[in-house]
Amino acid sequence: MTTYTVHAPPVSATGGASEADRMIFVKDSFCWPALIIPVIWMLYRRMWIVLCFYALFAVAIELAGRFLGAPTATALGILGALYLGVEGNTLRRWTLARRGFAERAVVDGRSIAEAEIRFFHRPASAASEVDKAAAGAAAGPAARPSFSTDIVGLFPTPGTTR
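Please read these numbers as outputs of a predicted model, since none were measured by experiment.

(A) Region of interest: the pattern of salt bridges. Scanning all chains against the criterion turns up four salt bridges. Taking the shortest distance from any N to any O, the salt bridge between glutamate 62 and arginine 66 comes out at 3.1 Å. With glutamate 62 and arginine 66 both in helix H3 (residues 48–68) and four residues apart, this pair spans about one turn of that helix. Relative accessible area serves as the criterion here: at 42%, glutamate 62 is assigned to the partly exposed category. On the basis of relative accessibility, which here comes to 65%, the residue arginine 66 falls in the exposed class. A salt bridge links glutamate 114 to arginine 118; its shortest N-O distance comes to 3.0 Å. Taken as a pair, glutamate 114 and arginine 118 lie in helix H5 (residues 112–120) at a separation of four residues, close to a single helical turn. Judged by relative accessible area, arginine 118 falls into the partly exposed class, the value being 40%. What you see here is one network of salt bridges that share partners, running through Arg110, Glu114 and Arg118.

(B) Region of the structure containing the nonpolar core. Within the largest apolar cluster, nine residues are counted, these being Tyr4, Val6, Ala8, Met23, Phe25, Ala105, Val107, Ala115 and Phe119. Elements that contribute at least two residues to this core include exactly strand S1 (2–8), strand S3 (102–109) and H5. Element by element, the count of residues in this core is highest for S1, at three residues. Contact partners of valine 6, with chain neighbours within four places excluded, come to Met23, Ile24, Phe25, Ala102, Glu103, Arg104, Ala105, Val107 and Phe119.

(C) Just the sheet that holds S3, in detail. As summarised here, the arrangement of the three strands in space is S2-S1-S3, forming an open sheet in which the pairing is antiparallel. The open sheet is flanked by strand S2 (24–27) and S3, the only strands paired with a single partner. On average, each strand axis in the sheet is tilted by 30 degrees relative to the strand beside it, whichever way the strands run. Taken together, the four bridges between S1 and S2 define a ladder with antiparallel strand orientation. Along S2, the bridge assignment pairs valine 6 with phenylalanine 25. Here H5 sits on the sheet and contacts S1, S2 and S3; the angle it forms with S3, its principal contact strand, is near 120 degrees.

(D) Examining a nonpolar patch on the surface more closely. Together, Trp32, Ile36, Ile37 and Ile40 give the surface a local cluster of nonpolar side chains, amounting to about 450 Å² of exposed area. Tracing the backbone through its elements, the reader meets isoleucine 37 in the loop between helix H1 (32–36) and helix H2 (38–44). A relative accessible area of 40% places isoleucine 37 in the partly exposed class.

(E) Seen up close, H3. Taking 1.5 Å of rise per residue, 21 residues should cover 30 Å, and H3 covers 29 Å from first to last C-alpha, within 8% of that figure. Looking at H3, one finds that the buried residues are Val50, Leu51, Ile61 and Ala64. Buried residues of H3, seen end-on, are gathered within an arc of 130 degrees and therefore sit on one face of the element. In H3, those exposed residues whose orientation departs by more than 90 degrees from the buried face are Cys52, Leu56, Arg66 and Phe67. Looking at the buried positions of H3, the neighbouring elements they touch are H2 and helix H4 (70–98). Directly after H3, the chain includes glycine 69, whose backbone phi takes a positive value near 110 degrees.

About the thresholds
- Residues numbered from 1 in each chain as written.
- Predicted model: local features only at pLDDT ≥ 70, side-chain atom pairs only at ≥ 80, totals over all residues.
- Heavy atoms only, no water.
- Salt bridge = Lys/Arg side-chain N within 4 Å of Asp/Glu carboxyl O.
- Helix = DSSP H or I, 4+ residues; strand = E, 2+ residues; numbered from the N terminus.
- Buried < 20%, exposed > 50% of the residue type's maximum accessible area, 1.4 Å probe, protein only.
- Core = buried A, V, L, I, M, F, W, Y, C linked by side-chain atoms within 4.5 Å.
- Contact = heavy atoms within 4.5 Å.
- Pairing = 2+ DSSP bridges.
- Axes fitted to C-alpha atoms, helices over the stretch in contact; angles between N-to-C directions.
- Patch = residues over 30% accessible without salt bridge, like charges linked within 9 Å, V, L, I, M, F, W, Y side chains within 5 Å.
- Areas by Shrake-Rupley, 256 points an atom, 1.4 Å probe, with all protein chains shown as cover.
- Expected span 1.5 Å × (residues − 1).
- Arc of directions from axis to C-beta.

Okay, here's the thing in structure tokens:
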């Protein structure tokens, strides 16, 4: 199964469309389009800042090719392309966060259609917990608790002394 993160649009940007229609599901896996056609992928996803950094990286590779030789530039280019393939969807999530999209949930599914079904047909209790967390995040830092609600391994529970 593949894991997807669900991102909700900013409240002010709904513009007539329902929030459910504007939800974005981002796969948490290797991004083949970012590896094979990076510039077209970045333009299609409107990742302008990432595209600027990619252009600077391409210029640096060109300069490395002129001063250090073609094998070095080729190796750097391959490493850069692999990095973009591995971290492409993370860069997309970063871009969505910069645009004001809020991460609402993490869902699993064999395909994006199955992940959408699991997200929109989840139990009401799980949906209300996600909506409460999103409302707390929108209210600002004063409304959020000062501790993490996630418990990992043998760490103490939130809000207690060590």
